[in-house]
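Each chain, letter by letter, is given below.
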Amino acid sequence: MRFHFALTLQALWTSVCQAAMQHYPAAWGHYDVCKSQIFSDEGLTWDYMACQPEAADMTQYLKVTLDPPNITCGDPPETYCALENPYMCNNECDATTEELAHPPELMFDIEGRNPTTFWQSTSWKKYPKALLVNITLSWNKTIELTDDIVLTFESGRPEQMVLEKSLDYGRTWQPYQFYATDCLDAFTMEPKTVQDLTQHTLLDIICTEDYSRGYVWKYDKTVRFEIKDRFALFAGPRLHNMASLYGQLDTTKNLRDFFTITDLRIRLLRPATGATMVDENNLSRYFYAISDIKVQGRCKCNLHANSCVYDKEKLSCECEHNTTGPDCGRCKKNYQGRAWSAGSYLPIPKGTANICIPNNIGPVIRPNVSSLGVANRKEARVCDNELLRCQNGGVCVNNVRCSCPSDYSGLLCEKPRCESELGGCGGPNSGQAPLTPPSTPRLLLLLLLLGSALRRDASYWPAVL
């Protein structure tokens, strides 16, 4: 009997915990399915949803270029000294010997090897001329960042550096973030951190001093561009409210573009020196060395694909919803019955597919003007119960139009009505499902059941006085 009571207690407690945690879903917005077959009154039909590829390590798909191209060490061979000890000069770089070479691809190999593998530049032997290096990472594809960009330096983090992004395949560049030991001196910018940003200043470009210390902090090797901290401004500290973030990304183009790239560029402007003065008698101490670069993201497919393929050194989306192109950015031939539109994250959790429709089906109205000058309108077929299903609970009326719920509009009820309202879809009346705690009656009922069970089985517990 006590065993039965224990099971009852566990079941009730599990129900209470699950109810209490409903407003913190385990994962919002996977959007991993583009369509599914469902049964309706009319039979088997397609239900279309917004979809996107899973996030992945994007460094396995990039091309890296260095400027100047001969900046990698080893040609000719060179001996290096340790930054923290100018008299320990037993590190050799030789491009002709595999064990002593440090080519660029070692920035992206498997971590954890012993000894550590890394790319290394030539030393600062032309001081006081600046030691400048541009490292460009190119995907030849639009990428959406999903996690922090992390650079790991093996010989002191740079004292001055800029991270830049391109949205047009390297034709133009804009800064992502500045890094310096002294932001005012290096870039005439007040130092800030990502914690100083708000929802209204998220797109501000800042200079941070957090990642530019010298060799005294030799175990601090990483430099970050904090993506998740910026997500947290909308989704909460532990990213529990991803619905809020997706709603913002859906309705604010500048925000969506901020996390979108085709290329990244790391501009190394001054190596770690560990002091205010450069030791001109031992310039072999000063160089750049990077052991790892992490870039997590996904192919941008405009919410019209759930997979991205890498073929012939090129990434491309496997487009659904009758779309095509590297980013699913246009309708397929003969499916241009209405203007192409990106999918929408809203309403959570399935979003809106915004599929492309055949040319001969659409809201085309062909006026037939009679001799009396009266236009007889002939409406084309707009919806059916197979390919062109009304979305978001809409009902197809005589194959001519979709009768939409109050929260949606559009030809196929694909648009949240709040898009046309002041303030967009971020307000309380948006089509986005609110994250609310479980209702009080449900919790109260569960607690009453728990109390009843405790009273019923109390006689099986020994009295403790």
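Right above here is the structure, for reference.
These numbers come from a predicted model, not from an experiment.

A. Quick look at the side chain of His-102. Mapped onto the fold, His-102 is located in the loop between strand E6 (91–93) and strand E7 (119–120). A distance of 2.9 Å separates the side chain of His-102 from the backbone oxygen of Phe-118, its partner in a polar contact. Aside from chain neighbours lying at most four places away, what touches His-102 is Thr-72, Cys-73, Glu-92, Cys-93, Phe-118, Trp-119 and Gln-120.

B. Examining the packing of aromatic side chains more closely. On inspection of all chains with the given rule, the structure shows 14 aromatic pairs. Seen in terms of ring centroids, Tyr-31 and Tyr-246 are 5.5 Å apart; in terms of plane orientation they differ by 85°. Their pairing is edge-to-face. Placement of the pair is Tyr-31 in the loop between helix H1 (2–20) and strand E1 (35–40) and Tyr-246 in helix H4 (residues 242–251), with a sequence separation of 215 residues. Here the two residues Tyr-31 and Tyr-246 agree in accessibility, since each one is buried. With 6.4 Å between their ring centres and 40° between their planes, Phe-225 and Phe-258 make a pair best called tilted. Here Phe-258 lies in helix H5 (residues 253–258) and Phe-225 lies in strand E13 (residues 222–225), a separation of 33 residues in the sequence. An identical accessibility class is assigned to Phe-225 and Phe-258; each is buried. Among the aromatic residues, those joined into a ring-pair cluster are Tyr-176, Phe-225, Phe-231, Phe-258 and Phe-259. Against the face of Trp-46 rests Lys-35, its NZ or CZ located 4.4 Å from the ring centre.

C. A look at the sheet that holds E7. Read across the sheet, 4 strands follow the order E7-E15-E9-E13 without closing on themselves; strand pairing throughout is antiparallel. Both outer strands of the open sheet, E7 and E13, are each paired with one neighbouring strand and no more. Relative to strand E15 (residues 289–294), strand E9 (residues 149–153) runs antiparallel, the two being bridged by 4 bridges. Residue pairing in the sheet places Phe-153 in a bridge with Ile-290 of E15.

D. Representation of the environment of Asn-306 in the model. Position of Asn-306 relative to the elements: it lies in the loop between strand E16 (296–299) and strand E17 (308–311). On the basis of relative accessibility, which here comes to 29%, the residue Asn-306 falls in the partly exposed class. A C-alpha to C-alpha distance of 7.3 Å links Asn-306 and Glu-318, two positions 12 residues apart in sequence. Each residue touching Asn-306, except ones within four places of it in the same chain, is listed here: Asp-32, Val-33, Cys-34, Cys-51, Gln-52 and Pro-53.

E. Seen up close, the nonpolar core. Residues Trp-119, Ile-135, Trp-139, Leu-264 and Leu-268 are the most contacted members of the largest nonpolar core, which totals 62 residues. A per-element tally of this core places strand E8 (residues 133–145) first, with 6 residues. Ranked by size, the runner-up nonpolar core spans 10 residues in total, among them Ile-355, Cys-402, Leu-412 and Cys-413.

F. Molecular detail of the packing of helix H3 (residues 227–235) against H4. Relative to each other, H3 and H4 sit at 100°, their axes nearing to 7 Å. Taken together, the axes of H3 and H4 are roughly perpendicular relative to one another. Touching Phe-231, Phe-234 and Ala-235 of H3 are Met-242, Ser-244, Leu-245 and Gln-248, all from H4. Here the residues of the contact of H3 with H4 sort into 5 nonpolar, 2 polar and no charged.

G. Main features of H3. Considered for burial, the residues of H3 that qualify are Ile-227, Arg-230, Phe-231, Ala-232, Phe-234 and Ala-235. The secondary structure elements touched by the buried residues of H3 are E8, E9, strand E11 (174–180), E13, H4 and H5. Just beyond H3, the residue with positive phi is Gly-236, at close to 90°.

H. Looking closely at the side chain of Thr-59. Its location among the elements puts Thr-59 in the loop between strand E3 (56–57) and strand E4 (63–67). The buried category is assigned to Thr-59, whose relative accessible area is 9%. Here the side chain of Thr-59 touches Asp-57 through a polar contact of 2.7 Å, side chain to side chain. Residues in contact with Thr-59, not counting those within four places in the same chain, are Phe-108, Ile-293, Lys-294 and Val-295.

I. Representation of the state of the cysteines within the structure. Within the structure shown, the criterion is met by 9 disulfides. The disulfide that involves Cys-299 links it to Cys-308, with 2.1 Å between the sulfurs. Between Cys-299 and Cys-308, the S-S dihedral sits near -80°, and the bridge is therefore left-handed. On the basis of relative accessible area, Cys-299 is assigned to the buried category, the value being 4%. With a relative accessible area of 23%, Cys-308 lands in the partly exposed category. Across the disulfide from Cys-301 sits Cys-317; the S-S distance is 2.0 Å. Judged by the sign of its S-S torsion, about -90°, the bond between Cys-301 and Cys-317 is left-handed.

So, how was this worked out
- Sequence order as written defines residue numbering, which begins from 1 separately in each chain.
- Given that the model is predicted, a residue must reach a pLDDT of at least 70 before its local features are reported, and side-chain atom pairs must reach 80 or more before they are shown or counted; all residues, however, enter totals for whole chains, interfaces and linings.
- As a rule here, side-chain values cover all heavy atoms of the structure and leave hydrogens and water aside.
- Only DSSP runs of H or I covering at least 4 residues are called helices, and only runs of E covering at least 2 are called strands; the numbering of each starts at the N terminus.
- N or O atoms closer than or at 3.5 Å make up a polar contact, with two conditions inside protein: a donor-capable atom paired with an acceptor-capable one, and, for residues adjacent in sequence, both atoms drawn from side chains.
- Should any heavy atoms of two residues lie within 4.5 Å, those residues are considered in contact.
- Only rings of Phe, Tyr and Trp enter the pairing, Trp through its six-membered ring, and a pair is recorded when the two centres are within 6.5 Å. The plane angle decides the type: under 30 degrees is stacked, over 60 is edge-to-face, the rest tilted.
- Whether a residue is buried, partly exposed or exposed follows from its accessible area with a 1.4 Å probe, protein chains only, as a fraction of its type maximum: under 20%, in between, or over 50%, in that order.
- Geometrically, a charge over a ring is one whose NZ (Lys) or CZ (Arg) sits within 6 Å of the ring centre while staying within 35 degrees of the ring normal.
- Strand pairing requires that DSSP identify at least two bridges connecting the strands.
- Among buried residues, the Ala, Val, Leu, Ile, Met, Phe, Trp, Tyr and Cys ones that are joined through side-chain atoms within 4.5 Å form a nonpolar core.
- Only C-alpha atoms enter the line fits that serve as axes; for helices the fit covers just the stretch in contact. Angles between N-to-C directions range over 0 to 180 degrees.
- When an angle is under 35 degrees it counts as roughly parallel; over 145 it counts as roughly antiparallel; between 65 and 115 it counts as roughly perpendicular; any other value is oblique.
- Under the grouping applied here, Gly and all other residues not named as nonpolar or charged are polar, the nonpolar ones being Ala, Val, Leu, Ile, Met, Phe, Trp, Tyr, Cys and Pro and the charged ones Asp, Glu, Lys and Arg.
- Only a pair of cysteine sulfur atoms within 2.5 Å counts as a disulfide in this structure description.

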